[in-house]
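Coordinates in review
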Amino acid sequence: MKHPVPRFERLVRLGIAAVLVLLPIGSGLFAQDNISLAGQWKLKLDKNDIGLQQQWYDERFSDSQSILLPGSIQEYDLGEKISTETEWVATRYEQFFELDKYAPYRTDDNFKFPYWLTSDTHYQGVTWFQKEVTIPENWDNKQITLELERPHWGSMVFVDGNNMGADSSLAIPHRYDLSEVLSPGTHTLSIRVDNRILYDIGLNSHSITEHTQSNWNGLVGDLLLKASDPVFISDVQVYPDVENKQARVQVHINNTTGSPQSGGLQLQARSKNTDKEQALPPAQKSFTVSESGVVELTYAMGDDPLLWDEFNPQFYTLEVDLKSGSSYSDSYSTDFGMRDFTVEGTRFHINGRPIFLRGTLESAIFPETGYPATSKKEWAHHFEVAKQHGLNHIRFHSWCPPKAAFEAADELGIYLHVEASVWVNQGATLGDGKPVDQFVIDESKRIMKEYGNHPSFVMFAHGNEPGGDNYEAYLADFVSMWKQKDNRRVYTSGAGWPAIDENEFHDLPDPRIQQWGEELNSVINGTSPSTDWNFEEDIAGYEIPVIGHEIGQWTVYPNFNEMSKYTGVLYPHNFEIFRDFLEQNHMLHQAHDFLMASGKLQALCYKADIEAALRTPGYAGYQMLDLHDFPGQGTALVGILDPFWDSKPYINSEEFSRFSSRTVPVAVMEKRILSNTETFRAELEIAHFAEHEADGIPVRWKITNNQNRILASGETVRDLPIGNNIEAGTASLDLSSFDEPQKLNLNVTVGNLGENDWDFWVFPESVDTEPSSDIIVTKTLTPAIERKLQEGAKVLLQINGKLKEGKGKEVVGGFSTVFWNTAWTLGQAPHTMGVLVEPTDPLFKDFPTEYHTNWQWWDIVHDVHPMVLNDFPADLTPKIQMIDTWFEARKLGLLFEAKVGKGKLVVTSIDFENKLAQRPAARQLYHSLLGYMDSSDFNPDTPVNLSLIEELYE
């Protein structure tokens, strides 16, 4: 199947001819004449890596295939057709070859892969690109640089057969000095690109893995030849000093004339991204340079410099002009911000004000192209969507984005956490003297030089979750080095771990409500519903900020309607497999219902995770995994957005930002499930991390029922300092008058700054749970009971704790949805994604419920084994259905009804026997079930053979 990139759009964007243009270059690039190399290139694939030996760089690829660059060869379906023989970079997909259910997808004519998005072809090896370039006469004796914004991975450059060097950065442009070989006239430029594993940086690093961006081969972003005079500015680094209203500037000057050169520099800063236009007075500095040198000076930023932060992302462009004698001149422009991102105690501060990081990950997920965007417009869209959801922070997991991401973040006020392209784990090790150790150091230096001026770049780690015997000592030296070299940001060893003394902040997985391997022992699955807990114990003992590492990881069912969006290089053949599984078990018609019900539960789980963070004193922030779907590692559909940053139908940005924004009310409740002998009570708090303190803000609360009738309300006035745990009164309601079960809602508004709400339930303390004489309740179908059933009896069969292997014993249900996904976690519980019911069904007449899981279901489902009903009639839909992991797509039921002869049967695996006095929700559901079975509404219409039922249980 072809999924072509829109070629016409790319032609318009790229142009096809190499044209001579004069471009003003921003942020870290010197202004000069430039030749764009975008357009047609010849290419040759070198799968066996013989090109160097056979000196392909001396050949002319006249008869070779053409390709448009920037771009990748995968966009042209070059390489081998994917198959069982494909040598992926990414790891952990052994089950694909072991499990029988994947056998139909391991054939050559129907190959489909379940664990990440795939292109039609795969190529790992060397590709050669070649182009004729014409150098104009006025470039004679110029300094000429080739800039390749983002090759993947290693590059080598040849001009007319001359080897001009190699580069292997995954983070910054590859630059080559071609001055000696590019005289005026026509030349042959050959570029060798190798996307094999050049260093063992970890096969799941998002900088290289098929889990996310794919292991593409090509050249993307700017492809330029740049000319300047032989005395030129190679780099400018700006170190803001907010306290003293000045900036320390380092100007790096190169001289290729062969003799010392003297001259002068003029620097001038101008405001950017603000209505407050400022053109600060220029500063001058003389210099003398032999081959290279650094001129340092202090630039005064005026009496009232504009400060950069999330609220006012205003910054400056610094223009540096060089004059050397009467012959040579150059200019350089870079953006920088006056901002001070620091650590004070356990909080981050921006310009002296405490902030709370509300973040998500960006893992190089670009399904259309398979490689990262280099357009500021696309990055701005991603960041704007994040801000709409109340976020102010993005972590780049084991990779560093192109300059366009930094530029967009500067303009929108997004705090960026960047990493040096590695996830050295799962076979790879750090700190053991391997080449990766030096690569991390070199890559980090390249990143700091290339992007260090950007005010949005506030945090740095070597990479993600390191492995090895000696990584702690290595990272201690690494962090110490950067703390000494560059104070423009704060540093930690690694995302996830280790929490070493040298860190300026820790990025740890402890403060979240579900840990890897916890299964049903987590906070959300092992503790009855309440909000009177937080992560204080998890961060206790740390005297520096702690960021919650990859919180959430809550999944949602695949949205098969999303598949039509995949029109580019990567396609969701994994979704086709999951759709097949669903259809085989006669549930494809329920796909949208599964999406909506699991999505509502997913949103509930994220709300619980984030509000716990906001309730935690001294907590510094969180990094979600993820606001949008992660397409790899088994297919981790953890986003409330799809991979294109579009919303899914069950929650929007306004609803999400109620519990994730600058000002959020939170409620501390001992219980969410209460009896009518109790009083509901919630202590109200405010988390306020806005631009300013706020005085005299009315905090209003109300409790309403399903008819939106106000049952209780209150108001208090509070001053809001910057911080959380700001006390805001108590909401309460005496429940003694509630004779009927009800879902109630507590709503809290904080002036016009924020609003949030919470559901809670009240159930009668005294409720009849004795079945009528017409109902036979049994734990097994004896011959006598079967006979009565055939003759017309009503029977309730309770088989909780008795399910057979293959019939539900192996399926562990929980309250939460699946964590990450069951393939990558190797089957960690829970295996289910919540309940799906019809709330208007008479079964629920006395049990208030929506169509999806809410907190009143916790006690009912948190450690339940649903029945596997695959072999039952296709038209049988359980009255209480559980949504299975999409890797199995079994028809799961907690309760179903069937027609048996003249009789009526209900079968359930819910525990309706034990400790009902302490389980008001389960007690109430049981009461509602018995009432339903006693009513005329109980009339099953699907006949089921008793042998199928007897096969379910021991």
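Residues numbered from 1 in each chain as written. Predicted model: local features only at pLDDT ≥ 70, side-chain atom pairs only at ≥ 80, totals over all residues. Heavy atoms only, no water.

**Topic: the overall build of the chain**
- Broken down by element type, the chain carries 15 helices and 47 strands.
- A globule of 954 residues ought to have a C-alpha radius of gyration of about 30 Å, and the chain, at 32 Å, matches this closely.
- For the chain, buried positions account for 62% of its 954 residues.
- In the chain, 73% of the contacts between residues at least 6 apart in sequence involve partners at least 24 apart.
- Here the chain has roughly 34200 Å² of accessible surface; of this, 45% comes from carbon and sulfur atoms. (Helix = DSSP H or I, 4+ residues; strand = E, 2+ residues; numbered from the N terminus. Rg over C-alpha atoms; globule rule 2.2 N^0.38 Å. Buried < 20%, exposed > 50% of the residue type's maximum accessible area, 1.4 Å probe, protein only. Contact = heavy atoms within 4.5 Å. Areas by Shrake-Rupley, 256 points an atom, 1.4 Å probe, with all protein chains shown as cover.)

**Looking at the sheet that holds strand S38 (residues 723-734)**
- With antiparallel pairing, the three strands of this open sheet are ordered in space as S33-S35-S38. The sheet is open, and its two edges are formed by strand S33 (663-669) and S38, each paired on a single side. When the angles between neighbouring strand axes are averaged without regard to direction, this sheet yields 25°.
- Across seven bridges, S33 lies against strand S35 (residues 679-688) in antiparallel orientation. (Pairing = 2+ DSSP bridges. Axes fitted to C-alpha atoms, helices over the stretch in contact; angles between N-to-C directions.)

**A few points about the packing of helix H5 (residues 435-451) against helix H6 (residues 471-485)**
- At a closest axis distance of 12 Å, the pairing of H5 and H6 adopts a crossing angle of 20°. Judged by the angle between their axes, H5 and H6 are roughly parallel. Between H5 and H6 lies a crossing whose hand is right-handed. Across from Asp437, Val440, Ile441, Ser444, Lys445 and Met448 in H5, the residues of H6 making contact are Tyr474, Phe478, Met481 and Trp482.
- By residue class, the composition of the contact of H5 with H6 is seven nonpolar, one polar and two charged. (Parallel < 35°, antiparallel > 145°, perpendicular 65-115°, else oblique. Left-handed = near helix turned anticlockwise from the far one by under 90°. Nonpolar A, V, L, I, M, F, W, Y, C, P; charged D, E, K, R; others polar.)

**Comments concerning the pairing of strand S32 (residues 621-625)**
- Burial analysis of S32 places five of its five residues in the buried class, which makes it a mostly covered element.
- Across four bridges, the pairing between strand S25 (residues 357-362) and S32 is parallel. Bridging from a neighbouring strand, Arg358 pairs with Tyr622 of S32.
- Examined bridge by bridge, strand S31 (residues 546-552) and S32 share four bridges and lie parallel to one another. Directly across from Gly548, in S32, lies its bridge partner Tyr622.

**So, the pattern of salt bridges**
- Scanning all chains against the criterion turns up 41 salt bridges.
- Arg196 serves as the salt-bridge partner of Asp194, at 2.8 Å between the closest nitrogen and oxygen.
- Note on Asp194: relative accessible area 5%, which makes it buried.
- Three or more residues are tied together by salt bridges with common partners; here these are Asp49, Arg192, Asp194 and Arg196. (Salt bridge = Lys/Arg side-chain N within 4 Å of Asp/Glu carboxyl O.)

**What to know about the nonpolar core**
- Formed by 175 residues in total, the largest nonpolar core has its most connected members in Trp379, Phe383, Trp857 and Ile880.
- Counting residues per element, this core draws most heavily on helix H10 (residues 591-614), at 15 residues.
- If we ignore the near neighbours within four places in the chain, the residues touching Ile880 are Val835, Leu836, Val837, Leu843, Phe844, Trp857, Gly893, Leu894, Leu895, Ile910 and Leu925. (Core = buried A, V, L, I, M, F, W, Y, C linked by side-chain atoms within 4.5 Å.)

**Some remarks on H10**
- Over its 24 residues, H10 extends 34 Å from the first C-alpha to the last, a length consistent with the 34 Å expected when each residue adds 1.5 Å.
- With 21 of its 24 residues buried, H10 lies for the most part within the structure. (Expected span 1.5 Å × (residues − 1).)

**Thoughts on the side chain of Asp841**
- For Asp841, the position within the fold is in the loop between strand S43 (832-836) and helix H13 (858-861).
- On the basis of relative accessible area, Asp841 is assigned to the buried category, the value being 15%.
- Here Leu843 takes part through its backbone nitrogen, which lies 2.8 Å from a polar atom of the side chain of Asp841.
- With near-sequence residues (within four places) excluded, Asp841 lies in contact with Lys879 and Tyr932. (Polar contact = N/O pair within 3.5 Å; in protein donor to acceptor, adjacent residues only side chain to side chain.)

**Topic: unusual backbone geometry**
- The step from Leu69 to Pro70 runs through a cis peptide bond, and the omega angle for that step is 5°.
- Locating Pro70 in the fold gives a position in the loop between strand S4 (65-69) and strand S5 (71-72).
- A cis amide bond links Ala829 with the next residue in sequence, Pro830, at an omega value of 0°.
- For Asn725, which is not glycine, the phi torsion reads 60° and is therefore positive.
- We note that Lys915 has phi near 55°; this positive angle belongs to a residue other than glycine.
- Positionally, Lys915 belongs in the loop between strand S47 (903-908) and helix H14 (920-933).

**A short note on a negative patch on the surface**
- Negative charge collects at one region of the surface, where Glu80, Glu85, Glu87, Asp108 and Asp109 lie side by side.
- Its place among the elements puts Glu80 in strand S6 (residues 80-81).
- Taking the relative accessible area as the measure of exposure, Glu80 reaches 36% and is therefore partly exposed. (Patch = residues over 30% accessible without salt bridge, like charges linked within 9 Å, V, L, I, M, F, W, Y side chains within 5 Å. Lys, Arg positive; Asp, Glu negative; His and termini not counted. Charge placed at Lys NZ, Arg CZ, Asp CG, Glu CD.)

**Details of the packing of aromatic side chains**
- Tallying each qualifying case throughout the model produces 67 aromatic pairs.
- Ring centres 5.7 Å apart and planes at 20° place the aromatic pair Tyr316 and Phe336 in the stacked group. Taken together, the residues Tyr316 in strand S20 (residues 315-324) and Phe336 in strand S21 (residues 328-336) connect sequence positions 20 residues apart.
- Residue Tyr316 is classed as buried on the basis of its relative accessible area of 0%.
- For Phe336, a relative accessible area of 1% gives the class buried. (Phe/Tyr/Trp six-rings, centres within 6.5 Å; stacked < 30°, edge-to-face > 60°.)

**Section: the side chain of Asn705**
- Mapping Asn705 onto the fold places it in the loop between strand S36 (694-704) and strand S37 (710-720).
- A residue is classified by how much of its surface remains accessible, and Asn705, at 9% relative accessible area, is buried.
- Here the side chain of Asn705 touches Arg709 through a polar contact of 2.9 Å, landing on its backbone nitrogen.
- The residues touching Asn705, leaving out its near neighbours within four places in the chain, are Leu711, Gln742, Lys743 and Leu744.

**So, the sheet that holds strand S23 (residues 347-350)**
- As summarised here, the arrangement of the three strands in space is S22-S23-S24, forming an open sheet in which the pairing is antiparallel. Only two strands of the sheet have a single neighbouring strand rather than two, namely strand S22 (341-344) and strand S24 (353-355). The mean inter-strand angle of the sheet, taken between neighbouring strand axes irrespective of direction, is 45°.
- As paired strands, S23 and S24 are joined by three bridges and run antiparallel to one another. Opposite His349, over in S24, you have Pro354 as the bridge partner.

**Regarding the environment of Lys285**
- The residue Lys285 is located in strand S18 (residues 283-289) in this model.
- If near-sequence neighbours (up to four positions away) are discounted, Lys285 is found in contact with Gly263, Gly264, Leu265, Val295, Glu296 and Leu297.

**Focus on the confidence of the model for the chain**
- Averaged over every residue, the pLDDT of the chain is 95; residues scoring 70 or more account for 97%.
- Scored below 50 in pLDDT, residues 1-32 shows 91 contacts in the model against residues more than four places distant or in partner chains. (pLDDT = per-residue confidence, 0-100.)

**Here's the deal with the environment of Gln742**
- Checked against the element boundaries, Gln742 lands in strand S39 (residues 742-750).
- Along the backbone, Gln742 and Val762 are 20 residues apart, and their C-alpha atoms lie at a distance of 5.6 Å.
- Once residues within four sequence positions are removed from consideration, Gln742 is found in contact with Asn705, Phe760, Trp761, Val762 and Pro848.

**As for the pairing of strand S3 (residues 39-46)**
- As defined by bridge partners, S3 adjoins S4 across five bridges and the pair is classed as antiparallel. By the bridge assignment, Trp41 is partnered in S4 with Ile67.

**So, H5**
- Over its 17 residues, H5 extends 24 Å from the first C-alpha to the last, a length consistent with the 24 Å expected when each residue adds 1.5 Å.
- The element H5 is extensively covered by neighbouring structure, given that twelve of its 17 residues are classed as buried.
- Here H5 has its buried residues at Val436, Asp437, Phe439, Val440, Ile441, Glu443, Ser444, Arg446, Ile447, Met448, Glu450 and Tyr451.

**Here's the deal with the environment of Asp229**
- By the secondary structure assignment, Asp229 is in the loop between strand S14 (218-228) and strand S15 (231-241).
- Its relative accessible area of 11% is what places Asp229 among the buried residues.
- Contact partners of Asp229, with chain neighbours within four places excluded, come to Lys142, Gln143, Ser327, Tyr328 and Ser329.
- A distance of 2.8 Å separates a polar side-chain atom of Asp229 from the backbone nitrogen of Ser329.

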